[in-house]
Amino acid sequence: MHRFFVSQLDVVDDIQALICSEDLIHQFTKVLRFEKGEKVVLLNGSGFEFEVELQDFSSKKIIGKVLNKKFCETELPIKLVVAQAILKNMERLEWMFQKGTELGVSTFIPLLSDRTERKVLGKVERLHRILKEAAEQSGRGRVPELLEEKKFEKIFLSDAEQEHALDYGEEGEKIIVVPHPGATQKFSDFCKEKLVGENGEKFSGELVICIGPEGGFTDKEVYFAQSKGAHIVSLGNRILRAETVAMVMGAIVAEAMGEM
Ligand code: SAM
């Protein structure tokens, strides 16, 4: 069944769905040529998914009946934040956003580090569309957030000190890791040790992964992160392209938590 995230113009409650956004109406009627009786899954970012039968079509709205509502079980138990230094090549960055979404990333932060050449992310609307489509395609219950550009040092401030505190309700435990070639601790060992307890209980706080730009982090940045309690980790002896790193780390996290 097709899955769609509704916009703020649309309403889905336990009984019915009212679709008013032009984009969705266009997609349903002109692109997919849905007719009365078509069943779709609608998501409103609440963590629930609604199975809806489309019943009443007009040019301004579509009304559907909710047949079933259930908790969406595709989200990782952990809040996975990827703070990726802005790359020169936008296509690679887009690829990273798409693959990270498929793997369950909750939040992306475009990072400004000493060796970041481009200081503005740009094409934000397009990136939001990429996140939404990847979330729909991969069966996610939420579209990942995309925050504004943030300086590397600011990642290490507490939530209360952040200008844009991550919106996860109560402040839970936060672990920050910085992958850096040559680090002595392997990220896979770190995940086995920190993400699942002896009795199998899973870490449910926030794991922030800070990935460097094409030129990597400077020694000064790595020392700074270490002094703030971040874990400096390795992904093996070969240097991975920055956009490969989020995917590899997302997969290692999911695997360690029994999600793969
Ligand atoms: N010459 C740069 C250096 O030595 O840092 C390479 C940078 S790499 C293209 C971009 C980022 O990917 C790095 O800053 C780091 O965060 C991550 N990375 C790439 N390969 C890694 C590895 N084998 N272990 C840990 N991190 C890695």
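Keep in mind it's a predicted model, so treat the numbers as computed, not measured.

1. Structural notes on the overall build of the chain
If you tally the helices and strands in the chain, you get six helices and 14 strands. Rg of the C-alpha trace for the chain: 20 Å, near the compact-globule value of 18 Å for 260 residues, within the 12% margin. Reported as C-alpha extents along the three principal axes, the dimensions of the chain are approximately 60 × 45 × 35 Å. A fraction of 70% describes how many contacts in the chain between residues 6 or more apart in sequence connect residues 24 or more apart. As displayed, the chain has an accessible area near 14000 Å², and 47% of this comes from carbon and sulfur atoms. Counting 35 positive and 43 negative side-chain charges, the chain places the centres of these two groups 4 Å from one another.

2. A word on helix α5 (residues 219-227)
Three or more residues of α5 are buried, namely E221, V222 and A225. End-on, the buried residues of α5 take up no more than an arc of 100 degrees, which puts them together on one face. For α5, exposure combined with an orientation more than 90 degrees from the buried face picks out K220, Y223 and S227. Residues of α5 that are buried in the fold lie against β11 (174-179) and β14 (231-234). Taken from the residues just after α5, G229 is the one with a positive phi, measuring 95 degrees.

3. So, the site of the ligand
Around the ligand, the structure places 19 residues, and the nearest of them are P179, L235, G236, R238 and L240. Take H180: an N or O atom from its main chain is 3.2 Å from a nitrogen atom of the ligand. Interatomic distance of 2.9 Å between a backbone N/O atom of L240 and a nitrogen atom of the ligand. Across the complex, the protein chains shield 85% of the 570 Å² of accessible surface that the ligand would expose by itself. Mapped onto the shell around the ligand, the elements with two or more residues apiece are β14 and α6 (242-256).

4. Focus on the packing of aromatic side chains
How two aromatic rings sit relative to each other is set out by the distance from centre to centre and by the angle between their planes. What the rule picks out here adds up to nine aromatic pairs. A centroid spacing of 4.8 Å and a plane angle of 35 degrees characterise the contact between F152 and F217, whose relative ring orientation is tilted. With F152 in the loop between β10 (150-151) and β11 and F217 in the loop between β13 (206-211) and α5, this pair connects stretches of sequence that are 65 residues apart. For the residue pair F152 and F217, the accessibility class agrees, reading buried in each case.

5. Quick notes on the domain arrangement of the chain
You can read the domains of the chain as domain 1 (3-71) and domain 2 (79-256). The centre of domain 1, based on its C-alpha atoms, is set 33 Å off from the matching centre of domain 2. Each partner contributes to the interface: domain 1 provides seven residues, whereas domain 2 provides eight residues. With both sides pooled, the region where domain 1 packs onto domain 2 buries about 660 Å², and carbon together with sulfur makes up 54% of that total. Its largest share of buried area at the contact with domain 2, domain 1 owes to R3, F5 and G45, together 75% of the area lost on that side.

6. Observations regarding the packing of helix α2 (residues 90-103) against helix α3 (residues 124-137)
A pair of packed helices is captured by two measures, namely the crossing angle of their axes and the spacing between those axes. Two elements in contact, α2 and α3, have axes separated by 8 Å at closest approach and are oriented at 30 degrees. α2 and α3 meet at a crossing whose hand is right-handed. Counting all contacts with α2, which are made through M90, E94, F97, Q98, T101 and E102, the residues of α3 involved are R126, L127, I130, L131, A134, A135 and Q137. For the contact of α2 with α3, a count of residues per class yields seven nonpolar, three polar and three charged.

Cut-off values and rules
- Residues numbered from 1 in each chain as written.
- Predicted model: local features only at pLDDT ≥ 70, side-chain atom pairs only at ≥ 80, totals over all residues.
- Heavy atoms only, no water.
- Helix = DSSP H or I, 4+ residues; strand = E, 2+ residues; numbered from the N terminus.
- Rg over C-alpha atoms; globule rule 2.2 N^0.38 Å.
- Contact = heavy atoms within 4.5 Å.
- Areas by Shrake-Rupley, 256 points an atom, 1.4 Å probe, with all protein chains shown as cover.
- Lys, Arg positive; Asp, Glu negative; His and termini not counted.
- Charge placed at Lys NZ, Arg CZ, Asp CG, Glu CD.
- Buried < 20%, exposed > 50% of the residue type's maximum accessible area, 1.4 Å probe, protein only.
- Arc of directions from axis to C-beta.
- Near = heavy atom within 4 Å.
- Polar contact = N/O pair within 3.5 Å; in protein donor to acceptor, adjacent residues only side chain to side chain.
- Phe/Tyr/Trp six-rings, centres within 6.5 Å; stacked < 30°, edge-to-face > 60°.
- Domains from an automatic or database assignment.
- Buried area = accessible area lost by both parts, 1.4 Å probe.
- Axes fitted to C-alpha atoms, helices over the stretch in contact; angles between N-to-C directions.
- Left-handed = near helix turned anticlockwise from the far one by under 90°.
- Nonpolar A, V, L, I, M, F, W, Y, C, P; charged D, E, K, R; others polar.

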